[in-house]
Amino acid sequence: MNKFAGLFIVISSFMAAQQKMSLQDCEKAFQENNLQLLAEQYNINMADADILQAKIWELPQLSGQINAYNPEDRKVFDVGRAKGAQVTQLIYMGGKKKNEIAFAKSNKELAQLQFSQLLVDLRSQLRSTYFDLYYEQLKLENTNRQLGYMNDLLAAYKVQSAKGNVSLKDEVRLQSIVIQLNNDKIGINKNILEFEQTLKVLTGVTDDIEPELSDPEAKDILAAQPFGDETELQKKALENNADYQYNLKLIDNGKLYAQWQKSLNVPDLNLGAGWDQNGGTFKNEVNLLVGIPLPLWKSNKGNVEKANFAIQQSQKNADFQKLNLETKVQAAYKTWKSQYDQLAQIKSDDLTNMELVYNGMLNNFRKGNVSLIEFTDFMDSYRETALQIYDMKNGIIQSAEQLNQLVQTKIFY
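Predicted model only: the values in this text are computed from it and were never measured.

About the thresholds
- Residues numbered from 1 in each chain as written.
- Predicted model: local features only at pLDDT ≥ 70, side-chain atom pairs only at ≥ 80, totals over all residues.
- Heavy atoms only, no water.
- Salt bridge = Lys/Arg side-chain N within 4 Å of Asp/Glu carboxyl O.
- Helix = DSSP H or I, 4+ residues; strand = E, 2+ residues; numbered from the N terminus.
- Buried < 20%, exposed > 50% of the residue type's maximum accessible area, 1.4 Å probe, protein only.
- Pairing = 2+ DSSP bridges.
- Axes fitted to C-alpha atoms, helices over the stretch in contact; angles between N-to-C directions.
- Core = buried A, V, L, I, M, F, W, Y, C linked by side-chain atoms within 4.5 Å.
- Contact = heavy atoms within 4.5 Å.
- Left-handed = near helix turned anticlockwise from the far one by under 90°.
- Nonpolar A, V, L, I, M, F, W, Y, C, P; charged D, E, K, R; others polar.
- Parallel < 35°, antiparallel > 145°, perpendicular 65-115°, else oblique.
- Phe/Tyr/Trp six-rings, centres within 6.5 Å; stacked < 30°, edge-to-face > 60°.
- Arc of directions from axis to C-beta.
- Patch = residues over 30% accessible without salt bridge, like charges linked within 9 Å, V, L, I, M, F, W, Y side chains within 5 Å.
- Areas by Shrake-Rupley, 256 points an atom, 1.4 Å probe, with all protein chains shown as cover.
- Lys, Arg positive; Asp, Glu negative; His and termini not counted.
- Charge placed at Lys NZ, Arg CZ, Asp CG, Glu CD.

## Digging into the pattern of salt bridges
So, point 1. On inspection of all chains with the given rule, the structure shows 15 salt bridges.
So, point 2. Lys249 serves as the salt-bridge partner of Glu109, at 2.9 Å between the closest nitrogen and oxygen. Of the two residues, Glu109 is situated in helix α4 (residues 96-163) and Lys249 in helix α8 (residues 242-263); the sequence distance between them amounts to 140 residues.
So, point 3. By relative accessible area, Lys249 is classed as partly exposed at 23%.
So, point 4. Asp341 is the salt-bridge partner of Lys337, the closest N and O atoms lying 3.0 Å from each other. Of the two residues, Lys337 and Asp341 are both situated in helix α9 (residues 301-344); the distance of 4 residues between them amounts to about one turn of the helix.

## Things to note about the sheet that holds strand β5 (residues 83-91)
So, point 1. If you walk across this open sheet you meet the 4 strands as β2-β5-β7-β8, and the pairing is antiparallel. Since the sheet does not close on itself, it has two edges, and those belong to β2 (61-66) and β8 (285-291), each with one partner. Strand-to-strand, the axes of this sheet are offset by a mean angle of 15°, without reference to chain direction.
So, point 2. Across 8 bridges, β5 lies against strand β7 (residues 269-276) in antiparallel orientation. For Ala85, the partnering residue across the bridge sits in β7 and is Trp275.

## Points about the nonpolar core
So, point 1. With 53 residues, the main nonpolar core has Leu37, Leu233, Leu325, Val329, Trp336, Leu403 and Phe412 as its most contacted residues.
So, point 2. At the level of elements, α2 (23-33), α3 (35-54), α4, α5 (168-203), α6 (215-223), α7 (230-240), α9 and α11 (372-407) are the ones that each hand at least two residues to this core.
So, point 3. Sorting elements by how many residues they give to this core places α4 first, with 12 residues.
So, point 4. Ignoring any residue separated from it by four or fewer positions in sequence, one finds Leu233 in contact with Pro226, Phe227, Gly228, Val329, Tyr333, Leu403, Val407 and Ile411.
So, point 5. In terms of nonpolar packing, the next biggest core, distinct from the first, is built from 23 residues, Leu174, Leu181, Met354 and Val370 among them.

## Focus: the packing of α2 against α4
So, point 1. Direction vectors running N to C along α2 and α4 enclose 145°, while the axes themselves pass 11 Å from each other. Classified by chirality, the crossing of α4 by α2 is right-handed. The residues of α4 that touch α2, namely those facing Leu23, Cys26, Glu27, Phe30 and Gln31, are Leu119, Leu122, Arg123, Leu126, Arg127, Tyr130 and Phe131.
So, point 2. Classifying every residue of the contact of α2 with α4 by side-chain character gives 8 nonpolar, 1 polar and 3 charged.

## Brief notes about the packing of α4 against α11
So, point 1. At a minimum axis separation of 9 Å, α4 and α11 run at an interaxial angle of 170°. In terms of orientation, α4 lies roughly antiparallel with respect to α11.

## Section: the packing of aromatic side chains
So, point 1. Per the counting criterion, the structure on display carries 13 aromatic pairs.
So, point 2. With a centroid separation of 4.9 Å and 75° between ring planes, the pair formed by Tyr134 and Tyr135 is classed as edge-to-face. In terms of burial, Tyr134 and Tyr135 fall into one category: buried.
So, point 3. Ring centres of Tyr149 and Phe375 lie 6.1 Å apart, and the angle between their planes is 65°; on these two criteria the pair is classed as edge-to-face. Of this pair, Tyr149 sits in helix α4 while Phe375 is found in helix α11, placing the two residues 226 residues apart along the sequence.

## Structural notes on the environment of Pro293
So, point 1. Residue placement: Pro293 occurs in the loop between β8 and α9.
So, point 2. Distance from Pro293 to Leu269, taken between C-alpha atoms, is 7.9 Å for residues 24 residues apart in sequence.
So, point 3. Residues within four places of Pro293 in sequence aside, it is in contact with Pro267 and Asp268.

## Some points on α2
So, point 1. Among the residues making up α2, those that are buried are Leu23, Cys26, Glu27, Ala29 and Phe30. Viewed along the axis of α2, the buried residues span an arc of 165°, placing them on a single side of the element. Across from the buried face of α2, at angles greater than 90 degrees, the exposed residues are Gln24 and Lys28.
So, point 2. For α2, the secondary structure elements touched by its buried residues are β1 (18-21), α3, α4, α5 and β6 (208-211).

## Re a negative patch on the surface
So, point 1. Among the surface-exposed residues, Asp25, Glu212, Glu217 and Asp220 lie close enough to one another that they form a single negatively charged patch.
So, point 2. For Asp25, the position within the fold is in helix α2.

## Some points on unusual backbone geometry
So, point 1. Of note in the backbone geometry, Asn284 takes a positive phi value of approximately 50° without being a glycine.
So, point 2. Within the fold, Asn284 resides in the loop between β7 and β8.
So, point 3. Within the chain, Gln408 stands out as a residue other than glycine whose phi angle is a positive 60°.
So, point 4. Along the polypeptide, Gln408 turns up in the segment after α11.

Set out below in structure tokens:
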């Protein structure tokens, strides 16, 4: 009884470690729990803090003076007869503060675009991994089904081989197929483990995720086609791709920075008031204080030139990103179209017929109507074809996801 109770606990623990989740469930968990997104969000918060800091002016300066030594009365620290005070404030000229604030706001826009691109990249990785896991589990299910039959058949042949009723060559032929199937299973299980680990990191869900996707849903996803040809998709990508928009924004950001650096060449004004008890022309006189640097040369000339070069550099980078994005969209669309057309050539009846032939071969082999050589040749061909079909279906979805990642707007309907 204790053994059965222990076995029940083990099975219950295994089942608890599995969690069925739809793609929408995974995306929701991803947005709530992904640590990379949460960390990137702080860059936007820090950009807000930079804007706040840019709005703050220098503090007023308060200074005072007292007598250290009175030579007439030979008195040290004659505070009662000689003291004074001054208050000065730095006044920014040439629009320095306005330009600094504009540059800080532009930096926030860049941080938001970086966050948007990270969100797109991670969500694309999530969706790609989800479908990878889905098709690997289908491959595992198919492989296990074949292994179940082939292991039983091999066990029976081993018994008959030991009795001398079948040749050892036939046993070895079956053994080779079982080894191939086990090798496929090892590779599939390795992939499943990697995809599960990736989903855990992306979603923050500690249990192993089992994709919850019905056959009709999978067929609808495979049948979806993009809205427009590659030219239209390239246009949409240039309008929506956050990485490309970031490079365009860098040009504007550089111009704002250059404008700010130019304004730093304009001398600032120190304005204030001073009171002197007994040291001026009049007693207790109040004076207006004005101070300004002499603009004998442009003190920020080097930084201005550097900022102008940065603008030119950003322009070249944006041109490169435009060409790179258009090329990637074109290649991704052609890849999707090629894979879609290839799978479209395989009709649903063809897949049904393949399963019918598979079951027919099993039945006919049991009845002795098919030789072992014919049976093993077919099983080897079926094994490879079944895996290839799953890979073809997954390849279409992966290509579509790559297009989504590049265009970054709804294109599949």
